[in-house]
Amino acid sequence: MLGVVTPPRRVPVQRRSQETVQRILGGAESLLSRVPLEFLTPNRIAREAGMSVGALYRFFGSKQSILDALATEHLKRIREWLEIRVMQPLARDLKADVPRFNPIEFLEKVIDAYIAYLDENVAFRVLALGQLDSRGAIPRHASPVAGLPWVMKSFLVERLRVPSSPELDLRLRVLTESCERLISFAYEQKTNEARDLVLEEMKRMLAGYLFVRA
């Protein structure tokens, strides 16, 4: 279900204000690695960031607005992560006339890169998968997997000249929803081996949906 991102109270312009916002976000991220989400409060975030709660409230009006801002920061990083790990190497291969493009392999690399990001960013994984909150910590349209349809559409439309269309947008949205739910299910498994089996099945299913369908 779509939600509305809660904006910060103030948009930091001066360098000092920007540094304060980053301290707040850093404090929230540090706590998310150790503290269940339901126990996260503005007071605890302020203490972790080494400031008063009053200073925190100058920039953020609620815990949710802090989590939304943190999710947005990670979205930017994920896009850069996918661009460097997947898109740029693929573009180099195409320029070098590497044998024809394999869309299924491309999808698998995108998913693998995203999973690697989740593994390296524990706090964000809590937000992304909603592991500690009944409805997830972030609005649907701010979901980290937004990086997946973005990179897919960018490549299909801009580099493979696939026509942009409402059908393509819908298919990418369905793919995103499926990824979110199946990745969450994969991380619920008791062992890494079981998790990887779920992810492999997810790749097969999504490749068939996105590339094999007429």
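Residues numbered from 1 in each chain as written. Predicted model: local features only at pLDDT ≥ 70, side-chain atom pairs only at ≥ 80, totals over all residues. Heavy atoms only, no water.

Trainee: How should the overall build of the chain be read in this particular structure?
Mentor: Each helix and strand in the chain was counted, giving nine helices and zero strands. Along its sequence from the N terminus, the chain presents helices and strands in the succession α-α-α-α-α-α-α-α-α. Every one of the 214 residues in the chain was classed for burial, and the buried ones make up 43%. Considering only intrachain contacts with a sequence separation of at least 6, the fraction spanning at least 24 residues in the chain is 71%. When the accessible surface of the chain is totalled, it reaches about 12,000 Å², and 53% of it is carbon and sulfur. (Helix = DSSP H or I, 4+ residues; strand = E, 2+ residues; numbered from the N terminus. Buried < 20%, exposed > 50% of the residue type's maximum accessible area, 1.4 Å probe, protein only. Contact = heavy atoms within 4.5 Å. Areas by Shrake-Rupley, 256 points an atom, 1.4 Å probe, with all protein chains shown as cover.)

Trainee: It is not clear to me how the pattern of salt bridges should be interpreted in this structure. Could you clarify?
Mentor: Where charged atoms of side chains with opposite charge meet at close range, the side chains can pair. Tallying each qualifying case throughout the model produces eleven salt bridges. Arg171 is paired through a salt bridge with Glu167; the nearest N and O atoms lie 2.9 Å apart. In this pair, Arg171 and Glu167 are both assigned in helix α8 (residues 166-187), four residues apart and thus about one turn of the helix distant. Through salt bridges with shared partners, a single network forms among Asp112, Glu200 and Lys203. (Salt bridge = Lys/Arg side-chain N within 4 Å of Asp/Glu carboxyl O.)

Trainee: For this particular structure, what's the right way to read helix α6 (residues 122-129)?
Mentor: An α-helical segment advances 3.6 residues per turn. Residues three or four places apart therefore align on the same side. Of all eight residues that make up α6, seven are buried, and the element is covered over most of its length. All of the buried residues along α6 are Ala123, Phe124, Arg125, Val126, Leu127, Ala128 and Leu129.

Trainee: I tried to follow the packing of helix α4 (residues 63-95) against helix α5 (residues 103-120) on my own but got confused; where do I start?
Mentor: In a pair of packed helices, the angle between the axes and the distance between the axes together describe the arrangement. For the pair α4 and α5, the least separation of the axes is 10 Å and the interaxial angle reads 140°. By the criterion of interaxial angle, the relationship of α4 to α5 is oblique. Crossing geometry of α4 relative to α5 is assigned as right-handed. From α4, His74, Arg77, Ile78, Trp81, Leu82, Arg85, Val86, Met87 and Leu90 reach across to α5, where they touch Phe106, Lys109, Val110, Ala113, Tyr114, Ala116, Tyr117 and Glu120. Of the residues assigned to the contact of α4 with α5, the class counts are twelve nonpolar, one polar and four charged. (Axes fitted to C-alpha atoms, helices over the stretch in contact; angles between N-to-C directions. Parallel < 35°, antiparallel > 145°, perpendicular 65-115°, else oblique. Left-handed = near helix turned anticlockwise from the far one by under 90°. Nonpolar A, V, L, I, M, F, W, Y, C, P; charged D, E, K, R; others polar.)

Trainee: What's the story with the packing of aromatic side chains in this structure? I'm lost.
Mentor: Within a pair of aromatic rings, the relevant descriptors are the distance that separates the centres and the angle that separates the planes. Taken as a whole, this structure holds two aromatic pairs when the rule is applied. Judged by centre distance (5.2 Å) and plane angle (85°), the rings of Trp81 and Tyr117 are edge-to-face. Note that Trp81 is positioned in helix α4 and Tyr117 in helix α5, a separation of 36 residues in sequence. Using a relative accessible area of 3% as the deciding quantity, one classes Tyr117 as buried. (Phe/Tyr/Trp six-rings, centres within 6.5 Å; stacked < 30°, edge-to-face > 60°.)

Trainee: Explain the side chain of His74 here, please?
Mentor: With respect to the helices and strands, His74 occurs in helix α4. When sequence neighbours within four positions are dropped, the list of residues in contact with His74 reads Glu29, Tyr117, Asn121 and Phe124.

Trainee: Help me understand α8, please; the structure alone is not making it clear to me.
Mentor: Given a rise of 1.5 Å per residue, 22 residues ought to cover 32 Å, and the 32 Å separating the end C-alpha atoms of α8 matches this to within 8%. Taken together, the buried positions of α8 are occupied by Leu168, Arg171, Leu172, Leu175, Thr176, Cys179, Glu180, Ile183, Ser184, Ala186 and Tyr187. (Expected span 1.5 Å × (residues − 1).)

Trainee: Looking at this structure, I do not really get the confidence of the model for the chain. What am I missing?
Mentor: The predicted coordinates ought not to be read in detail in places where the model reports low pLDDT. With 79% of its residues at a pLDDT of 70 or more, the chain shows a mean pLDDT of 80. Ranking the elements of the chain by mean pLDDT puts helix α7 (residues 147-159) last with 66 and helix α2 (residues 42-49) first with 96. Scored below 50 in pLDDT, residues 132-146 shows 52 contacts in the model against residues more than four places distant or in partner chains. (pLDDT = per-residue confidence, 0-100.)

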